[in-house]
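# Results of the structural survey
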Amino acid sequence: MRYRHLTTVTLALGVVLLVDVLRVFLPAVITIFGQAASTPAELLGAFAFGWFLLALAAPALIRRVGARPVTLVAAVLLVVARLAVNGQPGGRLQLWLATAGLLAGLVWLAGVAAGTDRPVPGLALGLAVGAVLHTVLDTYRSAFFGDWPAWLAAVGVAALFLAGQARPAPASGAGGVRSWLLAGPALLLAGMVALSPAVARTATSYQFGLLRSDPADEVGVATVPLFGPAPLAVAVGGFLLAALAPPRRGAWRWLGPVALVGGAVLVALGRGELLLPAVLLTAVGLGACLASAGAADGRGDDGADEARTPVPDGAGQDPARAAGRRGYAAVAGMLVFAVAAVAYYSAYDLGHPNAGVPVAVAVLVAAVALATRPTPGPARSPLPPVWTAATAAVVTLLAAVASDELLSATNRDGPPETVRVAAYNVRMGFGMDGRFDPDALARAVAGADVVALSEVDRGWLLNGGHDTLDLLAERLDMPYVFAPAADPLWGDAVLSRWPLDAARTRPLPAVGAPTGAQALGVTVDFSEGVSLAVVATHLQPPPGEDPVVQARAVADFAVRYAAGRPLVVAGDLNTEPGDPAFTEFTRAGLVDALAAARPLPTSPADAPRQQIDHVFVTPGLAAADAAAPPGTASDHLPVAVTLTLPPA
């Protein structure tokens, strides 16, 4: 393997490892350090941001000790932490292992930057390979997790990564500063939108779902998609082709930045039907901007000793100073990642607007790309653009087809006499110990025929980029309907063993709730004229108050949606029996289906004291066997009840 290929592959593997550590670190901060929302959002942000800030010391350490020893030690620690996280998938130890891995990864990145003046091919390949791996693993299972073949593969990947790091680096030129500055913003945009298999699947489920919502709805619903995350193949291929091909010149240079900013604007609009074009535009635009930023980086021929030419962003500098600038640029880019991530996701606790965050990051990337003046002469990529992009697209498509399941339901056996309904706030799939465990979530509602879910995450980078709904639906073998609340990736859902129809969703009055809330109505079709209207919701009360206004809106919507049919209203209502919001449902003529089993506390899951999860039904539905099965797969307990259906 020629050296330029080895350095590119090594950098790509390191990016994959760093992204994997981030996918553990970010949710661990929320669920373990955050203690189930009991820790102030400001303190969470300070804790997360502090480790990125600490990495600013890395370039000074590299200048004093040398890039090679610092980079090699950081690479070893990154690998050890990455492997150790899988042996401890929860609890405080997981948080500190992920934190150690993050800090090691940031120091490694600064060390690699000090000795690499042409990082774009490696960065682009690493982001693309990470997307492919997460598609293969259905966004959840780690390549470093499982039985002995998986561990054997892990050791092989780690060995290749460390072997590449151990080889002495050739002399570097003065370029690469702009490219390294974009590493963090590119990682953020790729993880949030452009190269996320969970986001791609969710986008497809809005556009090509098997059930359409009412056009009169202010927001649409997402259902089981026909093609799963298959559009990610186009995104990955377009991203790599744009990143590895020679950058456009003249007026054509504006195409990539315009596409990137345009995709970010579509994300900011917060509409599910715009998510798919946002993914594709952001992917291609991000790749083109990376190529433009790297247009002035060091160039070389096929040999191990590359002849460098002076470049505009570092002309006249001595090698040590240029290395330092690249190291600081890499860390600064990751600081942008941290600031933007904290600013975007903390908005759902603090209440400030966040739609402009991805747009601002995209504008930054576009500005850096346009500010770069390409060096005259041909630029040779260590990877053939067309072949690499086509191969990655084909592999991604095959992975998407192999990992995705098309869920279906049937009512041909006729209507049942009883149906068991469950409601579960799944807290984005994370348990009380910070463990992401969709298998435990599925066990918690095993035996239910209809499940109403709250706090469903379908691809937030903050929570690791998992599609929790798809993972749970596959384990339960139930199709779903999803309705957005905070944004197109976070909301509520209904799953059913019988066909779902006539989906409707209505936003609820905000009344000070920054995450947003909605009411999702679906009809369960049992055939032969027997059906059940189900409304799933998650009320978000103002701080210290009861969600009376939202409860009234849900009750009114539910009664109108049912139109005389048997009705179930279920979810995390954030109100207790006897409270004013609870009374709004009984005032609307609904009955507490869990009353016979009360007291039935559901929160917090490890020591339940409050019953804030409820199931209300119309009087014609007889309720029996109400229960709240114990467990800590979420911070709530599920509630379940068996309902006797009236005859047709």
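Preceding this section is the structure that the text describes.
The following refers to the structure shown. (Residues numbered from 1 in each chain as written. Predicted model: local features only at pLDDT ≥ 70, side-chain atom pairs only at ≥ 80, totals over all residues. Heavy atoms only, no water.)

The buried fraction of strand β4 (residues 480–487) is high, at 7 of 8 residues. Taken together, the 2 bridges between strand β1 (residues 222–223) and β4 define a ladder with antiparallel strand orientation. In the sheet register, T223 faces β4, and the bridge partner there is V481. In the sheet, β4 pairs with strand β5 (residues 490–496) via 6 bridges, with the strands oriented antiparallel. Residue pairing across strands places F482 opposite A493, the latter belonging to β5. (Buried < 20%, exposed > 50% of the residue type's maximum accessible area, 1.4 Å probe, protein only. Helix = DSSP H or I, 4+ residues; strand = E, 2+ residues; numbered from the N terminus. Pairing = 2+ DSSP bridges.)

Time to look at the pattern of salt bridges. Throughout the structure, instances matching the rule amount to 14 salt bridges. Across the salt bridge formed by D138 and R201, the nearest N and O atoms sit 2.8 Å from each other. Pair noted here: D138 is in the loop between α6 (120–136) and α7 (148–166) and R201 is in helix α10 (residues 197–207), with a separation of 63 residues, a long-range link. One exposure class covers both D138 and R201, and it is buried. D467 is the partner of R201 in a salt bridge, and the nearest nitrogen-oxygen pair spans 3.6 Å. (Salt bridge = Lys/Arg side-chain N within 4 Å of Asp/Glu carboxyl O.)

Packing of helix α13 (residues 275–293) against helix α16 (residues 356–371) leaves a shortest axis separation of 7 Å and a crossing angle of 35 degrees. The interaxial crossing formed by α13 with α16 has left-handed handedness. Two secondary-structure elements touch here, α13 through L286, C289, S292 and A293 and α16 through V365, A366 and A369. A class-by-class count of the residues in the contact of α13 with α16 yields 6 nonpolar, 1 polar and no charged. (Axes fitted to C-alpha atoms, helices over the stretch in contact; angles between N-to-C directions. Left-handed = near helix turned anticlockwise from the far one by under 90°. Contact = heavy atoms within 4.5 Å. Nonpolar A, V, L, I, M, F, W, Y, C, P; charged D, E, K, R; others polar.)

Evaluation of the coordinates by the stated rule reveals 18 aromatic pairs. Judged by centre distance (5.8 Å) and plane angle (75 degrees), the ring pair of F47 and W96 falls under edge-to-face. Highlighted residues: F47 in helix α2 (residues 41–54) and W96 in helix α5 (residues 91–115), separated in sequence by 49 residues. Exposure remark for F47: the relative accessible area of 13% places this residue in the buried category. An aromatic cluster is present here, built from Y344, Y345, Y348, W460 and W490 joined pairwise through their rings. The ring of F482 is capped by R458, whose NZ or CZ atom sits 5.4 Å from the centre of that ring. Stacked on the ring of Y561, the Lys or Arg R565 has its end atom at 5.3 Å from the ring centre. (Phe/Tyr/Trp six-rings, centres within 6.5 Å; stacked < 30°, edge-to-face > 60°. Lys NZ or Arg CZ within 6 Å of the ring centre and 35° of its normal.)

By themselves, these observations are geometric and do not establish any function.
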